[in-house]
Amino acid sequence: MAETPTPADIVTRHREIREQYIVTLPDRLAALANAATRPAELAARAHALIGSASTFKLLELAAAARQLEHVARAQDDGAHGGAPALETALALVLRLGEQAASLPPLPDPDLVVPDLSDETLVYLLEDDPVQAGEMVVQLQPYGYTLVSFDDPDRFRAAVRQDRPAALLVDIICGDNPDAGCQTVAAMGAEGTLPPTIFLSSRDDFQARLGAVRAGGLGYLAKPVDPAMLAERLDQVIGRDLARPYRVLIIDDDEIVSAEYATAMGAAGMEVRTLSDAAGAVEAIRGFLPDLLVLDQRMPGCTGLELAAVLRQQEGMASLPILFLTAATELGDKRLALDVGAEDLLLKPVALPLLVTQVRARIRRARLLQAMMARDSLTGTLNHAMVQDHLVTEVARARREGKPLSFAMIDVDRFKRVNDEHGHAAGDRVLRALARLLRQRLRRSDIVGRYGGEEFAVVLPNTTAEEAALILDGLRRGFLAIGFRGADDALFHVSFSAGIAPLRPDSDVASLNLAADAALYFAKRAGRDRVHVAGSLSSTT
Ligand code: GH3
Ligand code: MG
């Protein structure tokens with residue numbers, strides 16, 4: 001995959017695209033002038049110009065083009081005596097267009113620049129060294145590096161310089177009961193505030209209100225449960241452990257699509273562009289985008305028609321589509337929603353808004369997909385999906401002559417966790433285990449919740465010995481995680497695991513049985529260990 005571009009790369013790229021657009025302007029104007037006596041074509045060309053000119057913030061030119069489209073359409077519809085108005089409108093467009101082409105391009109104030117901050121670095125403002133030290137250790141298993149500060153001024157200076165991904169702020173600092181909120185509010189006013197979560201021993205409305213007013217995105221009452229804190233951090237940072245969002249843009253104006261693609265790329269998305277609707281089905285099958293951005297007007301077919309064609313293809317019925325259009329007719333919006341468009345954005349759309357809209361829709365679409373195939377508590381695959389994947393992976397391993405291991409994991413004495421610390425704490429333990437599995441395993445490994453407190457993992461291309469090492473590392477990682485229950489006491493939980501390697505004579509059913517038997521062996525041998533089917537000892 002390509003390296004993440006720097007903010008300077010992005011600005012340069014946008015400038016190049018803009019310059020390309022300016023270079024193409026004279027041709028666009030010439031085509032317009034040539035169509036002076038054919039009102040229908042003139043209207044279509046004027047319409048295209050509205051879209052591109054407004055994208056590049058040539059707003060006067062876009063407005064003149066809109067007027068020209070209006071007059072040309074009236075003429076085309078048989079209005080009499082419109083010729084002089086049409087000539088005037090066309091002349092204005094040509095004049096403004098020539099002006100724009102000869103002036104140095106304005107920089108676009110609305111760029112999306114990549115966020116290069118380390119998404120695992122979190123700064124903590126906490127004046128109690130014991131609590132700070134504990135928090136640093138507790139967040140390590142979740143992949144967060146916490147750096148703690150006890151002085152608000154030094155904290156502020158460090159945040160400004162290092163740009164951490166998020167802040168954790170204790171509201172009370174030293175003798176000042178409001179130091180945390182004041183520090184955060186000051187950074188907010190400076191425009192240097194990363195996503196912030198407040199931690200406080202107060203849990204009343206006034207304290208929470210103060211935190212919201214200061215600009216906090218989250219508020220956790222102390223003592224803080226590390227699992228809950230890690231989840232909140234994931235949320236505010238927008239960390240997605242899955243693959244990057246993919247967007248396919250289909251627009252016949254390649255310069256306009258390049259402008260959009262650059263902005264989405266800067267926001268960490270993978271983007272492809274296509275200028276010809278005819279290649280859409282093939283491009284979607286090859287690239288598997290999460291979302292389609294369609295221009296409404298294209299030569300050959302409209303965006304609406306293309307959407308209708310796609311909706312008839314297998315597997316594309318629910319692909320989210322975002323329409324971009326320069327048209328303001330309400331009728332179009334109704335039609336767009338009719339073919340199942342997510343929404344319709346009017347051009348010119350500011351790049352940051354476009355990126356936000358695309359991201360929100362992909363997030364929701366992935367969530368919906370996940371809900372259907374996944375367990376709602378832990379977000380891992382459900383039992384049926386794991387079995388499906390296991391069938392596929394076993395077949396693949398046989399075909400390619402590669403090893404495969406299947407593991408079952410069961411939380412130890414989980415009934416006691418629920419009994420002693422409450423069901424809600426039990427749920428957090430399960431979510432933390434699921435998250436640890438997803439975070440530490442490879443993308444190609446398949447993780448699912450088998451039911452209750454039992455999980456299953458398919459490890460393609462992994463021998464039993466390798467699997468035992470991996471699972472044992474996970475076992476130790478899980479044991480290191482601290483949880484807090486209803487009684488506020490910190491506690492730790494272990495799991496046992498059974499591993500079954502794929503053997504020449506095994507199938508999916510016997511893999512399940514063997515992993516289950518190995519897990520049973522690990523439990524009987526004393527729990528908190530990993531056992532490989534057929535071996536005599538377990539790893540602890
Ligand atoms: P062992 O070490 O032998 O596995 O003992 P255990 O207590 O973990 O096993 P047992 O099967 O006796 O108890 C499992 C408990 O898990 C019982 C059930 O109430 C609880 N449980 C199952 N699903 C959930 C869940 O979604 N959330 C919570 N909090 N508890 C659950
Ligand atoms: Mg159990």
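For the structure, check the block above.
The notes below deal with the structure included here. None of these values were measured; they are calculated from a predicted model. (Residues numbered from 1 in each chain as written. Chains lettered and ligands numbered in written order. Predicted model: local features only at pLDDT ≥ 70, side-chain atom pairs only at ≥ 80, totals over all residues. Heavy atoms only, no water.)

Digging into the site of ligand 1
In the neighbourhood of ligand 1, 17 residues make up the surrounding shell, with R413, F414, D427, R449 and R527 lying closest. Between E453 and ligand 1, the recorded distance is 2.8 Å, taken from a side-chain N or O atom to an oxygen atom. In this structure, an oxygen atom belonging to ligand 1 sits 2.7 Å away from a side-chain N or O atom of R527. A total of 660 Å² of accessible area belongs to ligand 1 in isolation, and the protein chains cover 66% of it. (Near = heavy atom within 4 Å. Polar contact = N/O pair within 3.5 Å; in protein donor to acceptor, adjacent residues only side chain to side chain. Areas by Shrake-Rupley, 256 points an atom, 1.4 Å probe, with all protein chains shown as cover.)

A few points about the side chain of R18
Following the sequence through the fold, R18 ends up in helix α1 (residues 7-34). Exposure remark for R18: the relative accessible area of 8% places this residue in the buried category. One polar contact links the side chain of R18 to the main-chain carbonyl oxygen of F56, over a distance of 2.8 Å. (Helix = DSSP H or I, 4+ residues; strand = E, 2+ residues; numbered from the N terminus. Buried < 20%, exposed > 50% of the residue type's maximum accessible area, 1.4 Å probe, protein only.)

Describing the coordination of the magnesium ion (ligand 2)
Within the protein, the magnesium ion (ligand 2) binds to D410 (OD), V411 (O) and E453 (OE); these donor distances fall in the range 1.9 to 2.2 Å. Look at where the donors of the magnesium ion (ligand 2) fall in the sequence and you get D-V-x41-E. Here V411 is found in strand β11 (residues 404-411), whereas its partner E453 is found in the loop between β12 (446-451) and β13 (454-460), with 42 residues between them in sequence. The exposure class assigned to V411 is buried, which follows from its relative accessible area of 1%. (Donors = N, O, S within 2.8 Å, 3.2 Å for Na, K, Ca; no water.)

Some remarks on the environment of Y219
Inspection of the secondary structure assignment puts Y219 in strand β5 (residues 218-221). For the pair formed by Y219 and D203, sequence separation is 16 residues and the distance between their alpha carbons is 9.0 Å.

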